[in-house]
Amino acid sequence: MNIAILSRNAALYSTRSLVNAAYRRNHNVRVIDHMNCDLVIDSGDMAVYYQGERLEGIDAIIPRIGATATGHGAAVIRQFKAQGIYSTLDPDALLLSRDKLSCLQALSANGVSIPRSVISKNYYTMPSMIDEVGDMPIVIKMIKGTHGLGVILSESKKNAESILEAFYKAKEKVMLQEFIHEAKGADVRVFIVNDEIVGVMKRQAKEGEFRSNLHRGASSTIIKLTDEEEQIARKAARVMGLKIAGVDMLQTSEGPLILEVNASPGLEGIETTTKVDISGKIIDMVQRSA
Ligand SMILES: Nc1ncnc2c1ncn2[C@@H]1O[C@H](COP(=O)(O)OP(=O)(O)O)[C@@H](O)[C@H]1O
Ligand SMILES: [Mg+2]
């Protein structure tokens, strides 16, 4: 098969891992930078040009779209899909997952438990909406943040008000969220490929930090999920319409709470922690489906 991996950087671990898995299965594979893709849309004709070349003969694409490329990335995927080319990522699912608010709305509407979350865009109602979230501390999150950047723990109502004022002034969209103490600075990343759980790791934030992102220096270990946790993680990926998903959950005595569902989850942490060839599982899915 001719497989294209959409990635801005061929040297990234995740990209290399997918390329190697495809080679090992005797596929032709090339890395295409989606930000350098030009799109031609005409009546009955939709083409993708890459560095002046009209791309033809591609059987499947595996998009790895970073947070700064979401809009154009989704447009490029849509253009490939319109030509009947199989994609491991649906453009609408990508857009949904990149917006923490829409993601939580979709999860809650489908019966997936999440931490209590509040959106307030109004200076006058803000103090009462901070009370709505629950006891201090609370978490304040940028709607489009990633890697733990833009996730803040606010210890007092006064402090929360000033942080919100600053974000409003900067025209940055944020949400407020109940802080889950029970998580103790840890979360669980569940990697799902085609409705199957292929890797699970617990990430523990470093000393003095509550964000358990590996990019923020957290450490990871393998763990086994309960049946309930497995079912909820798979449901979260399905609700989001993601064939490849990194589901982040917090474990509590009342069951798991889903924080977010990532559409281009990194492979390095999960493959090195679990020793599972997750790229291989992705290529196998492409082989079966394209
Ligand atoms: N409501 C919360 N309660 C406790 N910890 C949280 C909460 N929200 C986020 N965290 C911690 O912060 C990390 C980053 O938050 P997340 O919503 O996943 O944003 P990002 O997209 O930046 O990873 C999580 O992995 C978790 O460890
Ligand atoms: Mg996260």
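Worth saying up front: this structure is predicted, and the values here are computed from it rather than measured. (Residues numbered from 1 in each chain as written. Chains lettered and ligands numbered in written order. Predicted model: local features only at pLDDT ≥ 70, side-chain atom pairs only at ≥ 80, totals over all residues.)

Side note on the overall build of the protein
When helices and strands are counted, the protein shows nine helices and 16 strands. In summary, the protein has a C-alpha radius of gyration of 20 Å against a globular reference of 19 Å for 290 residues, a match within 12%. Considering only C-alpha atoms, the protein reaches an extent of 60 × 45 × 35 Å along its principal axes. Of all 290 residues assigned to the protein, the portion counted as buried reaches 37%. Of the contacts made within the protein by residues no fewer than 6 positions apart, 65% connect residues no fewer than 24 positions apart. (Helix = DSSP H or I, 4+ residues; strand = E, 2+ residues; numbered from the N terminus. Rg over C-alpha atoms; globule rule 2.2 N^0.38 Å. Buried ≥ 20, exposed ≤ 12 C-beta atoms within 10 Å, placed from the backbone. Contact = placed C-beta atoms within 7 Å.)

Quick word on the packing of helix 5 (residues 126–133) against helix 6 (residues 157–169)
Between helix 5 and helix 6, the shortest axis-to-axis distance is 10 Å and the interhelical angle comes to 120 degrees. One finds that helix 5 runs oblique with respect to helix 6. In terms of crossing hand, the pair formed by helix 5 and helix 6 is right-handed. Two secondary-structure elements touch here, helix 5 through Met126, Pro127 and Ile130 and helix 6 through Lys157, Ala160, Glu161 and Leu164. The class makeup of the residues in the contact of helix 5 with helix 6 is five nonpolar, no polar and two charged. (Axes fitted to C-alpha atoms, helices over the stretch in contact; angles between N-to-C directions. Parallel < 35°, antiparallel > 145°, perpendicular 65-115°, else oblique. Left-handed = near helix turned anticlockwise from the far one by under 90°. Nonpolar A, V, L, I, M, F, W, Y, C, P; charged D, E, K, R; others polar.)

What about the site of ligand 1?
Taken together, 22 residues sit near ligand 1, with Pro115, Ile180, Asp187, Arg211 and Ser212 positioned nearest. Of all the elements in the fold, those that place two or more residues in the shell around ligand 1 are strand 9 (138–142), strand 11 (174–178), strand 15 (244–250) and strand 16 (257–262). Looking at the shell around ligand 1, its residues break down into nine nonpolar, seven polar and six charged. Residue-level mapping places the shell around ligand 1 at the junction of two domains, with at least three residues from each of domain 2 (99–113 + 182–262) and domain 3 (117–179). (Near = placed C-beta within 6 Å. Domains from an automatic or database assignment.)

Re the packing of helix 4 (residues 100–109) against helix 7 (residues 227–240)
For the pair helix 4 and helix 7, interaxial distance at closest approach is 10 Å and the crossing angle is 115 degrees. Crossing of helix 4 over helix 7 shows right-handed handedness. For the pair formed by helix 4 and helix 7, the contact residues are Cys103, Ala106 and Leu107 on the first element and Ala236, Val239 and Met240 on the second.

Points about the sheet that holds strand 4 (residues 45–50)
Read across the open sheet, the three strands follow the order 3-4-5; overall the sheet is antiparallel. The sheet terminates laterally at strand 3 (37–42) and strand 5 (53–54), the two strands that pair on one side only. Examined bridge by bridge, strand 3 and strand 4 share six bridges and lie antiparallel to one another. Within strand 4, the position partnered with valine 40 by the bridge is alanine 47. Along the sheet, helix 2 (residues 70–82) makes contact with strand 3 and strand 4, crossing strand 4 at roughly 125 degrees. (Pairing = 2+ DSSP bridges.)

Overview of helix 1 (residues 13–24)
In this model, helix 1 (twelve residues) spans 16 Å end to end at C-alpha, consistent with the 16 Å of a helix rising 1.5 Å per residue. Taken residue by residue, helix 1 has Ser14, Thr15, Leu18, Val19, Ala21 and Ala22 as its buried positions. What you see down the axis of helix 1 is that its buried residues fit within an arc of 165 degrees, all on one side. If you follow the buried residues of helix 1, they end up packed against strand 1 (2–6), strand 2 (28–32), strand 6 (60–63), helix 8 (268–274) and helix 9 (278–289). Positioned one or two residues after helix 1, asparagine 26 has a phi angle of 65 degrees, which is positive. (Expected span 1.5 Å × (residues − 1). Arc of directions from axis to C-beta.)

Things to note about the pairing of strand 2
Where strand 1 and strand 2 come together, five bridges link them in parallel fashion. Bridge pairing in strand 2 places isoleucine 5 opposite valine 31. Taken together, strand 1, helix 1 and strand 2 form a β-α-β motif whose crossover is right-handed. (Right-handed = clockwise from strand over helix to strand, strands pointing away.)

The quantities given are spatial measurements derived from coordinates; they are silent on function.
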